[in-house]
Amino acid sequence: MFDKSFKAARVGIWECSLPDQTLTWTDTVYELFDLAPQCPLNRDDIVALYTPESRKKLSEVRSAAIRDGEGFTLDAEIVTAKGASRWIRITAIVERVNGDPVRIFGMKQDITAEKAMFDHISRLMETDALTGLASRAKFEVVYNQVCANTSGQIHALLLIDLDGFKAVNDTLGHQAGDECLKDAARRLAAAIPGATLVARLGGDEFAVIHACDSLLHLQETGDRIVEAMECWVGWFPNKLKISASVGGAVIAGDVAAKDIFALADSALYAVKAHGRNGFKLFNPENMAVSAA
């Protein structure tokens, strides 16, 4: 019953003797790798079935466990002997005699379906359902990573609000409003194909994280967004103009992420206060970016 339960759950038992690296598997592990049951096993050949990234991780955690640990758990991707892509969860325990490692053993479980499900959920969480741009949750992750990376290329944060969007909803209805947002997202993404991230924060608010080579390059990027977002929605007599107000700030390593966001937001509202449909960079003379 124990063996049947393990087979039903796609869980197999494995062991590797040390230091001769001899492998012993139950039949389920052979099935996971699409190998004939009880065929000869060579560890180098088996390791070659792991994808390069998983192979590297496996080598690191296995070596550390054998050297001075008790075991490990690792989710790894393999390409089976028949060419199928599969994810397995490896659990391992190191057995020692007088302090020396003599055996490493544990379980391997097929988690391909589980991985696909969680990847799907992750994609849903990271993508704005209406526009297909990155979601606010994805933006927060990438934005904080960029702000924390002080040694890489300088980036800028651009915040975009649609001018006139409320009138679209009020005059033409929410379905027209949704189509307007979709079109705005397409225009925005097309205007800056090299952006690190283009996201919808909610409502008619968008954000862009973009590499910043110079203040001139950043100004050109902001102006290009403003130009690309200007359009007309609806038909006479309910033809409405849509434009964009854009505020920007350079992401500097000595400024907290929330403060950079506040600076870009301040620049955005300065644009709104001066007639909308434009781009403003917050206090550019103090930014550590070459204007050349």
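Cut-offs and rules
- Residues numbered from 1 in each chain as written.
- Predicted model: local features only at pLDDT ≥ 70, side-chain atom pairs only at ≥ 80, totals over all residues.
- Heavy atoms only, no water.
- Helix = DSSP H or I, 4+ residues; strand = E, 2+ residues; numbered from the N terminus.
- Rg over C-alpha atoms; globule rule 2.2 N^0.38 Å.
- Buried < 20%, exposed > 50% of the residue type's maximum accessible area, 1.4 Å probe, protein only.
- Areas by Shrake-Rupley, 256 points an atom, 1.4 Å probe, with all protein chains shown as cover.
- Phe/Tyr/Trp six-rings, centres within 6.5 Å; stacked < 30°, edge-to-face > 60°.
- Lys NZ or Arg CZ within 6 Å of the ring centre and 35° of its normal.
- Axes fitted to C-alpha atoms, helices over the stretch in contact; angles between N-to-C directions.
- Contact = heavy atoms within 4.5 Å.
- Nonpolar A, V, L, I, M, F, W, Y, C, P; charged D, E, K, R; others polar.
- Left-handed = near helix turned anticlockwise from the far one by under 90°.
- Pairing = 2+ DSSP bridges.
- pLDDT = per-residue confidence, 0-100.
- Polar contact = N/O pair within 3.5 Å; in protein donor to acceptor, adjacent residues only side chain to side chain.

Some details on the overall build of the protein chain
Check the secondary structure of the protein chain and you find 10 helices and 11 strands. What you see for the protein chain is a C-alpha radius of gyration of 27 Å, clearly larger than the 19 Å of a compact globule of 292 residues, by over 25%. Each of the three principal axes of the protein chain carries a C-alpha extent, and together these read 80 × 45 × 25 Å. Across the 292 residues in the protein chain, those meeting the buried criterion constitute 41%. Total accessible area computed for the protein chain in this model is approximately 15600 Å², and 55% of it derives from carbon and sulfur atoms.

Observations concerning the packing of aromatic side chains
For the structure shown, the criterion picks out six aromatic pairs. Site record: aromatic cluster; members linked through ring pairs are Trp 25, Tyr 30, Phe 33 and Tyr 50. Lys 108 extends its terminal NZ or CZ atom over the ring of Trp 14, reaching a point 4.7 Å from the ring centre. When the ring centre of Trp 87 is taken as origin, the NZ or CZ atom of Lys 115, which lies over that ring, is 4.3 Å away.

Things to note about the packing of helix 7 (residues 165-172) against helix 8 (residues 174-191)
For any two helices packed against each other, one specifies the crossing angle of their axes together with the interaxial distance. As a packed pair, helix 7 and helix 8 sit with axes 7 Å apart at the nearest point and diverge in direction by 145 degrees. Only His 174, Ala 176, Gly 177, Cys 180 and Leu 181 of helix 8 make contact with helix 7, whose side of the interface consists of Phe 165, Val 168, Asn 169 and Leu 172. For the contact of helix 7 with helix 8, the per-class residue count stands at six nonpolar, three polar and no charged.

Points about unusual backbone geometry
If a residue is not glycine, its phi is most likely negative; likewise, a peptide bond is most likely trans. Residue Pro 19 is reached from Leu 18 by a cis peptide bond, and omega for that bond is 5 degrees. Looking at the element boundaries, Pro 19 is found in the loop between strand 1 (11-17) and strand 2 (23-25). One non-glycine residue, Gln 21, adopts positive backbone phi at about 65 degrees. Mapping Gln 21 onto the fold places it in the loop between strand 1 and strand 2. For Gln 21, a relative accessible area of 29% gives the class partly exposed.

Details of the packing of helix 8 against helix 9 (residues 215-229)
At their nearest, the axes of helix 8 and helix 9 sit 9 Å apart, and the two run at 145 degrees to each other. The element helix 8 and its partner helix 9 pack so that their crossing is right-handed. Each of Ala 184, Arg 187, Leu 188 and Ala 191 in helix 8 lies in contact with helix 9, whose residues at this interface are Arg 224, Ile 225, Ala 228 and Met 229.

Observations regarding the pairing of strand 1
Look at any regular strand and the pattern is simple: side chains alternate between the two faces of the sheet. Note that strand 1 and strand 5 (residues 100-110) share seven bridges and pair antiparallel. Considered in strand 5, the bridge of Glu 15 is made with Phe 105. Pairing of strand 1 with strand 2, which is carried by three bridges, proceeds in the antiparallel orientation. Among the inter-strand pairings, Cys 16 is bridged to a residue of strand 2, identified as Leu 23. Between strand 1 and strand 2, which pair antiparallel and follow one another directly, the connecting turn spans five residues, one of which, Gln 21, has a positive phi of 65 degrees.

Topic: the sheet that holds strand 5
For sheets, the rule is that strands pair by backbone hydrogen bonds, running either parallel or antiparallel. Taken in spatial order, the five strands line up as 2-1-5-4-3 in an open sheet, and their pairing is antiparallel. Strands with a single pairing partner mark the edges of an open sheet, and in this sheet they are strand 2 and strand 3 (71-79). The average angle at which neighbouring strand axes cross in this sheet is 25 degrees, direction not considered. Bridging between strand 4 (residues 85-97) and strand 5 involves 10 bridges; their strand directions are antiparallel. When the bridges of strand 5 are listed, Glu 95 appears paired with Arg 103. Where helix 4 (residues 52-68) meets the sheet, its contacts fall on strand 1, strand 3, strand 4 and strand 5, and the angle it forms with strand 3 comes to roughly 155 degrees. Lying over the sheet, helix 5 (residues 112-126) contacts strand 4 and strand 5, oriented at roughly 120 degrees with respect to strand 4.

Looking at the confidence of the model for the protein chain
Taken over all residues, the pLDDT of the protein chain has a mean of 90, while the share at 70 or more is 93%. Counted against residues more than four places away or in other chains, residues 288-292, with its pLDDT under 50, gives 14 contacts.

Describing the environment of Glu 70
Along the chain, the position of Glu 70 falls in the loop between helix 4 and strand 3. A C-alpha to C-alpha distance of 5.3 Å links Glu 70 and Val 94, two positions 24 residues apart in sequence.

Re the environment of Thr 131
Here Thr 131 is to be found in the loop between helix 5 and helix 6 (136-148). The exposure class assigned to Thr 131 is buried, which follows from its relative accessible area of 16%. For the pair formed by Thr 131 and Gly 83, sequence separation is 48 residues and the distance between their alpha carbons is 36 Å. Filtering out sequence-adjacent residues up to four positions away, Thr 131 remains in contact with Leu 181, Lys 182, Ala 185 and Arg 200. Among the polar contacts made by the side chain of Thr 131, one reaches the side chain of Asp 128 at a distance of 2.6 Å. A distance of 3.2 Å separates a polar side-chain atom of Thr 131 from the backbone nitrogen of Leu 133.

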